[in-house]
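Secondary and tertiary structure notes
Here is what each chain is made of, one letter per residue.
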Amino acid sequence: MERVARGGPPVPGQAAFEVPRAPGETSSSAAPGKASSSASGPRRALVPAQAGPPSAPPPSAPPLSAPLAGGRSTGRDGEQRREELGRQAAEVLEGNWRGASTVPSPSLYPHQWSWDSAFIAIGLRHLSPRRAQCEVETLLDAQWADGRVPHIVFSPAVPLGAYFPSPDFWRSSTAGRAAGAPDKVETSGIVQPPVHALAAWLVHRSDPELSRRRGFLERVQPRLAAWHDYLTGCRDFGGAGLAAVVHPWESGMDNSPCWDEPLDRVEPAPAGSFRRADLECGDGADRPTDLDYGRYVRLAAHYRDGGYRDAGREHPFAVEDPGFNALLALSEHALAEIAAELGQDPAPHRSRARRLTTALVRRLWDEGAGMFLCRDVHTRRPVRDMGVTGLLPLVLPGLPGPIARTLVRTMSGPHFGLGTTTDLVPSYDLEGPAFDAFRYWRGPAWFNVNWLLEHGLRQHGDIVRADALEQALLAAAATSGFAEYVDPHTGQARGATGFSWTAAVVVDLLARTRDRDAAPVTANA
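Now for a quick tour of the structure. Quick caveat: nothing in here was measured; it's all calculated off a predicted structure. (Residues numbered from 1 in each chain as written. Predicted model: local features only at pLDDT ≥ 70, side-chain atom pairs only at ≥ 80, totals over all residues. Heavy atoms only, no water.)

Details of the packing of aromatic side chains
Considering all chains together, one arrives at 25 aromatic pairs under this definition. Each ring, one from Phe164 and one from Phe169, has its centre 5.6 Å from the other, and the planes form 65 degrees; the classification is edge-to-face. Each member of the pair, Phe164 as well as Phe169, is classed as buried. Taken together, a centroid distance of 5.7 Å and an interplanar angle of 70 degrees make the contact between Tyr440 and Tyr485 edge-to-face. Remark: Tyr485 occurs in strand β10 (residues 485–486) and Tyr440 occurs in the loop between α13 (401–412) and β9 (445–446); sequence separation between them is 45 residues. Each member of the pair, Tyr440 as well as Tyr485, carries the same accessibility label: buried. Directly above the ring of Trp97 sits Arg131, whose terminal nitrogen or CZ lies 4.3 Å from the centroid. Lying across the ring of Tyr440, Arg287 places its NZ or CZ 4.6 Å from the centre. (Phe/Tyr/Trp six-rings, centres within 6.5 Å; stacked < 30°, edge-to-face > 60°. Buried < 20%, exposed > 50% of the residue type's maximum accessible area, 1.4 Å probe, protein only. Helix = DSSP H or I, 4+ residues; strand = E, 2+ residues; numbered from the N terminus. Lys NZ or Arg CZ within 6 Å of the ring centre and 35° of its normal.)

Observations concerning the side chain of Asp515
Secondary-structure assignment places Asp515 in helix α16 (residues 500–518). With relative accessibility at 5%, the residue Asp515 sits in the buried group. A distance of 2.6 Å separates a polar atom in the side chain of Asp515 from a polar atom in the side chain of Arg514. (Polar contact = N/O pair within 3.5 Å; in protein donor to acceptor, adjacent residues only side chain to side chain.)

Quick word on the nonpolar core
Counting 141 residues, the largest nonpolar core has Leu391, Leu407 and Leu453 as the members making the most contacts within it. With nine residues, the single largest contributor to this core is helix α11 (residues 322–341). Excluding its chain neighbours within four sequence positions, the residues that come into contact with Leu453 are Val388, Leu391, Leu392, Leu394, Met411, Val425 and Leu469. (Core = buried A, V, L, I, M, F, W, Y, C linked by side-chain atoms within 4.5 Å. Contact = heavy atoms within 4.5 Å.)

Given below as structure tokens:
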């Protein structure tokens, strides 16, 4: 079944992508041949921008040397290359689909991951809006009664030894009973960055008729609101209006050097007390160290043994992360759009988004560093390491113009090198003492993060850099086999290949590139 996208031919790879039936849905809800109303449009932002200081015109970025960069591929050859890349991306997503959700990687990550599914849904919406809706709904079906969305939803079909920590470590249905863990599915007890409302809104926009017919937003909106209430209420340990993460995995940037200092006070679990399944299907040079893992296990066990309670207990690790909170604010903007679509008052969500943005600037902005810094709740001091999480507030439409321009200068300066020494933004300071081009979040460039930064650049008017980053993302995905992450200097594939969110952001970028190419040229374009 093929969906024809608005303003042009199908997104590359659509024709081979069979639209699934969501659980309990009849075939009458399918929309064969329905034109997509989404695909975000030529210059449409993730969420409508709020009024704020304008950004100054950006300087030109130097040309890139990547195969698809240095100007968009044009002509029949460029069209064929885009079609082939789209077909390959769709094949990755099809191969990683498990009937109700998508695994990030069949060998390394064989279950459903929270923020992975959000990015996956953003790509899937161009291929099958119904499957994208199912991706979001399946994740939210595992939500806890206290509002948290767990970072892993475990598949009972996967052997326990295939991934660690496995369900018998987390013991969510028993250890998490008081916090409202579901009893019919096993999950982890920690969370990941809240990109889900943004994903739900973009999925709705891809086919509003299908979404309204299925009541998609009506079902997910209360759950998304409860998720945000949990973060802004139960996790505001510092009292400044920002959510704190209680485990490095909650940031999504597991072994970033930004966590080294707060982790120093955590006694690692003994090396023989756990087995690292990740080293059996990946290069150890790409993965966190055994010392890191020992501390991750200790923190997770401490949280579990306390019944996954947030209030009234000590958390050895508690950090206010700028990227996590920026995505929460961005998703509040998306919740405002969802509320308006459902005939509800969007003002409370817009107000919360503004409060989060204000708290980010007051609490975590560091003018000397030229970016946002993490803050250790225990020491009440900023963590001086410069991780890519400190650039992510660029996605916010209400970010003050001078701060947005400073972030762009930092991103393109010696610490991150965008457009000079790197084509993609690395996950950590190129000049930092802990930089490692191979090891997970200690230097490699990640596709989902660069997708967000591309949106941030476009949001604040830096179209030249946004276009260059878009093309670099497509080039790196093509040459790396849709790698989990890449060496920021060489583009060499690291981690898993055939990675779902990499394929998903490629599908999204190709759809938006197609829409821009198809848009008519006007006098004021």
